[in-house]
Amino acid sequence: MRLFALSDIHSDFPENYKWIANLSHQDYTEDVLIMAGDIGHDLKVVKDTFRILTAKFKKVFFIPGNHDLWTVNYAGDSLDKEKELISMAIDAGVETRPRVIGDTYIVPLYAWYDFSFGELTPKLRDAWQDFVWCRWPDSMDMEAVTKHFLDRNKSQVRTPEASRVVTYSHYLPRIDVMPTYIPDHHRIVYPVLGTNKLDKQVRAFGADVHIYGHSHVNRETTIDGVTYINNALGYPQETRICRRELFDLSTLSGM
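Residues numbered from 1 in each chain as written. Predicted model: local features only at pLDDT ≥ 70, side-chain atom pairs only at ≥ 80, totals over all residues. Heavy atoms only, no water.

## Concerning the packing of aromatic side chains
The geometry of an aromatic ring pair is captured by two quantities: the separation of the ring centres and the angle between the planes.
Then comes step 1: Counted according to the given criterion, the structure contains 14 aromatic pairs.
Then comes step 2: Taking 5.0 Å as the distance between ring centres and 15° as the angle between the ring planes, the aromatic pair formed by Tyr-28 and Phe-57 counts as stacked. Here Tyr-28 is found in the loop between α1 (14-21) and β2 (32-35), whereas its partner Phe-57 is found in the loop between α2 (43-54) and β3 (59-62), with 29 residues between them in sequence.
Then comes step 3: The exposure class assigned to Tyr-28 is buried, which follows from its relative accessible area of 15%.
Then comes step 4: Taking relative accessible area as the criterion, Phe-57 reaches 4% and is therefore assigned buried.
Then comes step 5: Ring plane angle 55° and centroid distance 5.3 Å describe the contact between Trp-112 and Tyr-171, whose orientation is recorded as tilted. Placement of the pair is Trp-112 in the loop between β5 (104-108) and α4 (122-127) and Tyr-171 in the loop between β6 (164-168) and α7 (197-204), with a sequence separation of 59 residues.
Then comes step 6: The structure contains a cluster of three or more aromatic residues connected by ring pairs, namely Tyr-110, Trp-112, Tyr-113, Phe-115, Trp-136, Phe-149 and Tyr-171.
Then comes step 7: Above the plane of the ring of Phe-131 lies Arg-125, whose end atom (NZ or CZ) is 4.7 Å from the centre. (Phe/Tyr/Trp six-rings, centres within 6.5 Å; stacked < 30°, edge-to-face > 60°. Helix = DSSP H or I, 4+ residues; strand = E, 2+ residues; numbered from the N terminus. Buried < 20%, exposed > 50% of the residue type's maximum accessible area, 1.4 Å probe, protein only. Lys NZ or Arg CZ within 6 Å of the ring centre and 35° of its normal.)

Take a look at the structure:
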């Protein structure tokens, strides 16, 4: 059994949908895929993506990303949609809860962003589409949204049967997983990439590997004993920062 990582599938782009559909029907039937968020805002596209991938992999894990929670043509708020996404995933046979697979404990970690990576500027607020398409209860600001999701992770307990722990989230657990070559003018988005509080939970679970998405900047780096991996399919035009292939965790030392 191999364990693969992929995020930011964005199946609402025809090129990406075709890429997913063209994955082999034979090569991955004994393998596990972790999808670290952002399939798309259209529930029909999400459902179709679940159907395609569960037919190709033995097990598929998923956690929603920000695009998945956009309320475009959706009557409820983003919390309502998140519940519907999880229900849809379960109905499709997609794993959304911690589970031991072989000797590896795979743990989804929910989060959002709380501006602990930087200050929210007026320019970013005007440009960032989450502030248009995500709807939350009136009582919840971004810190409350982040706390809501982080609190959900506290009920998950490490299973002693597993010799390795792989956690995954859509959001970045620390800003220094971003490479130093990112130009200053692109760093404007750093405040909405994640939260420092998430990394505390990654380490509390004793993670050997943490898979994340959201930034669309593919990278593998090890910091203080944890290997962080972003393997985004990304937007079709993002050929320089996204590799359009599955990441096989068995290629990592110790996996």
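## Description of the sheet that holds β6
Then comes step 1: The sheet built from six strands is open, its strands ordered β4-β5-β6-β7-β9-β8 with mixed pairing. The open sheet has two edge strands, β4 (99-101) and β8 (219-223), and neither has a second partner. When strand polarity is set aside, the average angle formed by the axes of neighbouring strands in this sheet is 20°.
Then comes step 2: Sheet contacts for α7: β6, β7 (209-212), β8 and β9 (226-230); angle to β9, the most-contacted strand, approximately 125°. (Pairing = 2+ DSSP bridges. Axes fitted to C-alpha atoms, helices over the stretch in contact; angles between N-to-C directions. Contact = heavy atoms within 4.5 Å.)

## Topic: the packing of α1 against α2
When two helices pack together, their arrangement is given by the angle between the helix axes and the distance between those axes.
Then comes step 1: Relative to each other, α1 and α2 sit at 25°, their axes nearing to 9 Å. By the angle between their directions, the pair α1 and α2 is classed as roughly parallel. The segment α1 lies against α2, with Tyr-17, Ile-20 and Ala-21 engaging Asp-48, Arg-51, Ile-52 and Leu-53.
Then comes step 2: Tallied by class, the residues present in the contact of α1 with α2 amount to five nonpolar, no polar and two charged. (Parallel < 35°, antiparallel > 145°, perpendicular 65-115°, else oblique. Nonpolar A, V, L, I, M, F, W, Y, C, P; charged D, E, K, R; others polar.)

## Focus on the layout of surface pockets
Then comes step 1: Considered as a void within the structure, the largest pocket measures approximately 570 Å³ in volume.
Then comes step 2: In terms of lining, the largest pocket is formed by 25 residues, of which the most central are Trp-128, Val-189, Ser-215, His-216 and Glu-238. (1 Å grid on protein atoms, 1.4 Å probe; cavity = no way out; pocket = protein on both sides within 12 Å on 5 of 7 lines; lining within 4 Å. Points joined across faces, edges and corners; volume = space filled by probe spheres on them.)

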